[in-house]
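Results of the structural survey
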Amino acid sequence: MNFHRKPYSYVGRVSLKVQNLERSLVFYRKVLGFKIIDQTEKIASLSADGNTALLTLEQPLNVVPKNGRTTGLYHFALLLPTRADLANFVQHSANIGLRLASSDHLVSEALYFSDPDGNGIEVYADRAHTDWDWSSGEVKMSVDPLDFKDLLSIKRDHPWSGLPSDTVMGHIHLHVSELKKTEEFYTKGLGFEVVSRFDSQALFISTGEYHHHIGLNTWNGIGAPPPSHQSAGLKSFTIILPSEEARNEAAGRLQSIGAIISEDFVTKDPSGNTIILELSA
């Protein structure tokens with residue numbers, strides 16, 4: 001299922017700023033069944049397996065609500081191990097009254113909703129890699145209606161009891177201010193490959209022939225500004241690289257295209273989204 005994880009680069013953990021940590025923890029535990037693996041008064045790390053952090057929530061001092069059409073998070077996406085798990089989540093959502101948007105992307109089936117701060121969340125299951133349609137290095141994706149009747153008809157051995165332990169952060173999708181420099185940053189700098197384009201408004205990139213690890217769009221407008229530092233929303237996300245050598249090479253490539261990267265491997269894309277380069281465990 002997670003063939004794209006090693007030895008390729010991928011998104012590991014997403015860090016969000018929230019207005020009320022306790023409110024967010026109630027949501028993420030009730031709706032998704034996350035486990036808290038570490039918590040202080042203002043920060044909590046959440047996990048599916050009780051060990052590996054997929055999500056960090058932080059309540060900054062003087063935090064303000066998300067406001068306006070800015071760059072930042074469109075959604076983060078949790079990849080479930082099986083289609084049966086996705087069907088279980090649909091039933092669970094109905095039981096708790098969670099309203100869902102949905103889509104069949106051909107490569108995957110996806111559900112969409114938001115947390116109390118308006119941070120977008122996708123929960124999805126991939127179709128078999130052998131069923132993906134590739135042509136000239138790009139994978140065919142679509143935005144078709146999801147067939148809930150077919151999804152819910154599949155055999156399930158147990159009901160939803162929280163995120164399965166082998167859930168991973170499948171991808172992240174970002175609002176950016178433009179695409180040309182952004183594409184250069186992620187491809188020439190970080191080594192991702194463009195695997196799909198949506199007109200001139202969005203592109204999707206990955207490593208290891210995955211359908212996408214990162215989505216990038218200008219749907220909040222060309223030239224959209226970054227959010228304020230105090231705004232709820234995306235704080236940062238990690239990209240996991242397979243080795244120290246790969247991380248050093250990525251840092252060198254970023255510097256060669258004029259991007260700034262710190263000694264502890266923190267950088268920002270051209271739209272101000274903060275990225276931390278980490279090593280696989």
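What comes next concerns the included structure. Note that the structure is a prediction, hence the values are computed from the model and not measured.

Attention shifts here to the pairing of strand β7 (residues 108-114). With respect to burial, β7 is a largely interior element, 6 of its 7 residues being buried. One ladder, built from 4 bridges, connects strand β6 (residues 101-104) with β7; its direction is antiparallel. Looking across to β7, one finds that Asp104 is bridged to Glu109. Adjacent in sequence and paired antiparallel, β6 and β7 are bridged by 3 residues, among which Leu106 carries a positive phi angle near 75°. As paired strands, β7 and strand β8 (residues 120-126) are joined by 7 bridges and run antiparallel to one another. When the bridges of β8 are listed, Ala110 appears paired with Tyr124. The loop that links β7 with its antiparallel partner β8 comprises 5 residues; one of these, Gly118, has a positive phi angle of about 85°.

On the basis of which strands lie adjacent, the open sheet formed by 8 strands has the order β6-β7-β8-β5-β11-β14-β13-β12 and mixed pairing. Edge strands, defined here as strands with exactly one partner in the open sheet, are β6 and β12 (193-198). Adjacent strand axes in the sheet meet at a mean angle of 20° when their direction is disregarded.

The next point concerns the environment of Lys181. Tracing the chain through its elements places Lys181 in helix α4 (residues 180-189). Note: C-alpha distance between Lys181 and Asp269 (88 residues apart in sequence) is 8.9 Å.

For the rest of this paragraph, the subject is the packing of helix α1 (residues 21-32) against helix α2 (residues 83-96). Geometry of a packed helix pair, given as the angle between the helix axes and the separation of the axes. Where α1 contacts α2, the two axes come as close as 10 Å, and the packing angle between them is 125°. Classified by the interaxial angle, the pair formed by α1 and α2 is oblique. The segment α1 lies against α2, with Lys30, Val31 and Leu32 engaging Phe89, His92 and Ile96. Residue composition of the contact of α1 with α2, grouped by class: 4 nonpolar, 1 polar and 1 charged.

Throughout the structure, instances matching the rule amount to 10 salt bridges. Note that Glu58 is salt-bridged to Lys235, the shortest N-O span being 2.6 Å. You can see Glu58 sitting in strand β4 (residues 53-58) and its partner Lys235 sitting in strand β15 (residues 233-241), a full 177 residues away along the chain. Here Lys155 makes a salt bridge to Asp157, at a shortest N to O gap of 2.7 Å. Here Lys155 falls in the exposed class, since its relative accessible area comes to 68%. Given a relative accessible area of 68%, Asp157 falls into the exposed group.

Per the counting criterion, the structure on display carries 9 aromatic pairs. With a centroid separation of 5.1 Å and an interplanar angle of 85°, the aromatic rings of Phe27 and Tyr28 are classed as edge-to-face. For the residue pair Phe27 and Tyr28, the accessibility class agrees, reading buried in each case. With centroids separated by 5.0 Å and ring planes inclined at 65°, the aromatic side chains of Phe89 and Trp160 adopt a geometry described as edge-to-face. Of this pair, Phe89 sits in helix α2 while Trp160 sits in the loop between α3 (148-152) and β11 (168-175), and the two are 71 residues apart along the sequence. As far as the burial class goes, Phe89 and Trp160 line up, both buried.

With that settled, consider the packing of α4 against helix α5 (residues 244-256). Running from N to C, α4 and α5 point in directions that differ by 145°, and their axes come no closer than 9 Å. Judged by the sense of rotation from one axis to the other, the crossing of α4 with α5 is right-handed. The residues of α5 that touch α4, namely those facing Phe185, Lys188 and Gly189, are Ala250, Arg253 and Leu254. Classifying every residue of the contact of α4 with α5 by side-chain character gives 3 nonpolar, 1 polar and 2 charged.

Take the pairing of strand β3 (residues 43-47) next. Within β3, 4 of the 5 residues are buried, which leaves the element mostly enclosed by the surrounding structure. Strand direction decides the pairing type here: strand β2 (residues 35-39) and β3, joined by 4 bridges, are antiparallel. Across the sheet, residue Gln39 finds its bridge partner in β3, namely Ala44. In sequence, β2 turns back onto β3 through a hairpin of 3 residues. Linking two consecutive strands that pair antiparallel, namely β3 and β4, is a turn of 5 residues; a positive phi of about 80° is found at Gly50 within it.

Rules used throughout
Residues numbered from 1 in each chain as written. Predicted model: local features only at pLDDT ≥ 70, side-chain atom pairs only at ≥ 80, totals over all residues. Heavy atoms only, no water. Buried < 20%, exposed > 50% of the residue type's maximum accessible area, 1.4 Å probe, protein only. Helix = DSSP H or I, 4+ residues; strand = E, 2+ residues; numbered from the N terminus. Pairing = 2+ DSSP bridges. Axes fitted to C-alpha atoms, helices over the stretch in contact; angles between N-to-C directions. Parallel < 35°, antiparallel > 145°, perpendicular 65-115°, else oblique. Contact = heavy atoms within 4.5 Å. Nonpolar A, V, L, I, M, F, W, Y, C, P; charged D, E, K, R; others polar. Salt bridge = Lys/Arg side-chain N within 4 Å of Asp/Glu carboxyl O. Phe/Tyr/Trp six-rings, centres within 6.5 Å; stacked < 30°, edge-to-face > 60°. Left-handed = near helix turned anticlockwise from the far one by under 90°.

Note that all results are geometric; they support no functional claim without further evidence.
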